[in-house]
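The residues making up each chain are set out below.
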Amino acid sequence: MRPETGAHTGAHTGTAVPAPRGEDASIHNIGYRHYDGPRLGRSYARLSLLTQSLRGAYGLGRSAKSKVLPFVLLAVMLLPAGIIVAVAVATGADELPLRYTDYALVMQPVIGLYLASQAPQSVSRDLRFRTVPLYFSRPIERTDYVAAKYLAMSAAMLLFTAAPLVIMYAGALLAKLDFGDETTGFLQGLASVTVLSVLHAGIGLVVAALTPRRGFGVAAIIAVLTIPYFAVTTVQAIADAQGSGGAVPWIGLASPGSLMDGFQSAFLGGVSNFPGQYEPSAAASAVYVLVILGLIAACWAALMARYRKAGL
């Protein structure tokens with residue numbers, strides 16, 4: 001400890017020792033005190049990491065600049081829902097112009113931008129600044145870290161995609177549309193965006209965790225979500241034009257966006273947006289479920305493998 005004015009005292013013996021020539025100094029043995037407060041343990045560490053990651057997905061607890069993009073994208077996501085409600089109320093329509101299950105499919109570019117901007121923020125910064133081993137030095141394990149990040153990103157995506165559906169549902173009730181039909185459609189839409197959020201959160205986190213560079217992560221996530229989708233749509237259109245419409249739903253298994261399109265049309269009462277509006281058969285519908293579950297499990301396994309190395 002730096003010398004200070006006063007008598008010079010031995011740190012351990014308490015005996016006085018001569019002060020340095022020309023300077024009055026002292027060393028105080030302040031010792032260390034044991035922590036006697038509550039030990040909140042592993043569950044509190046998991047919850048804290050989950051909360052912090054979820055807040056960070058919307059820039060909360062960070063600089064004002066970090067809040068701009070997520071909230072601008074959220075506003076863009078909500079705006080069409082408000083317009084749909086306004087049109088339904090003004091025209092006295094018997095139903096909303098857009099199905100609940102179709103909203104997220106129409107807004108896929110905005111959803112992709114949000115995921116690409118926030119997934120790297122959640123994991124790439126920890127890798128870049130090498131803070132992952134610090135997390136694991138506490139009563140938290142690799143499973144806890146991956147679960148907290150995955151749940152936080154999924155919850156952030158669900159808030160992002162479900163908020164417009166809530167606006168549409170509230171507007172439909174204010175417009176006095178049929179309560180039963182609107183409630184059924186709203187619940188189907190919630191189920192759709194829940195699956196979409198878990199699936200896309202896993203894909204985004206896996207891609208972002210491959211590099212500590214946030215910019216690379218953003219570009220890679222956009223590429224993974226958009227390139228396969230446009231490739232699948234092109235191949236589906238060719239298959240439909242050549243009279244091979246039965247292959248269209250099977251081709252839809254090859255990208256996250258078309259995968260959700262086929263899933264909602266097979267199980268949630270949605271209308272297929274595939275070329276020719278082909279819907280999956282019973283066999284294809286079962287495969288859609290297996291592929292979605294397999295991708296989610298693969299994303300979890302990939303994150304666990306990534307942080308087995310990163311945590312060392």
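Residues numbered from 1 in each chain as written. Predicted model: local features only at pLDDT ≥ 70, side-chain atom pairs only at ≥ 80, totals over all residues. Heavy atoms only, no water.

Trainee: I'd love a proper account of helix α7 (residues 179-209), names of residues and values included.
Mentor: Its 31 residues place the ends of α7 44 Å apart at the C-alpha level, agreeing with the 45 Å of an ideal helix rising 1.5 Å per residue. Measuring from the side-chain oxygen of the N-cap residue of α7 to the backbone nitrogen of Gly 180 gives 3.3 Å; that N-cap residue is Asp 178. (Helix = DSSP H or I, 4+ residues; strand = E, 2+ residues; numbered from the N terminus. Expected span 1.5 Å × (residues − 1). Polar contact = N/O pair within 3.5 Å; in protein donor to acceptor, adjacent residues only side chain to side chain.)

Trainee: Break down the layout of surface pockets for me, with residues and values.
Mentor: By volume, the largest pocket is sized at about 340 Å³. When residues of the lining of the largest pocket are traced back to their parent elements, those giving at least two are α3 (100-106) and α7. By residue number, the principal contributor to the lining of the largest pocket is α7, which donates five residues. Here the second largest pocket is characterised by a volume of approximately 280 Å³. Taken together, 15 residues line the second largest pocket, and the ones lying closest to its centre are Gln 108, Pro 109, Leu 225, Thr 226 and Tyr 229. Among the residues forming the lining of the second largest pocket, the class breakdown is ten nonpolar, five polar and no charged. (1 Å grid on protein atoms, 1.4 Å probe; cavity = no way out; pocket = protein on both sides within 12 Å on 5 of 7 lines; lining within 4 Å. Points joined across faces, edges and corners; volume = space filled by probe spheres on them. Nonpolar A, V, L, I, M, F, W, Y, C, P; charged D, E, K, R; others polar.)

Trainee: Describe a nonpolar patch on the surface, with residues and values.
Mentor: A contiguous nonpolar surface patch, about 230 Å² in accessible area, is contributed by Val 68, Val 72 and Val 76. Along the chain, Val 72 turns up in helix α2 (residues 64-91). (Patch = residues over 30% accessible without salt bridge, like charges linked within 9 Å, V, L, I, M, F, W, Y side chains within 5 Å. Areas by Shrake-Rupley, 256 points an atom, 1.4 Å probe, with all protein chains shown as cover. Salt bridge = Lys/Arg side-chain N within 4 Å of Asp/Glu carboxyl O.)

Trainee: So, unusual backbone geometry: which residues are in play, and what are the values?
Mentor: A positive phi angle, close to 60°, is found at Lys 176, a residue other than glycine. The residue Gln 277 is not glycine, and still its phi comes out positive at about 55°. The topology assignment puts Gln 277 in the loop between α10 (256-267) and α11 (282-310). By relative accessible area, which is 53% here, Gln 277 ends up exposed. (Buried < 20%, exposed > 50% of the residue type's maximum accessible area, 1.4 Å probe, protein only.)

Function cannot be read off these values alone, since they describe shape.
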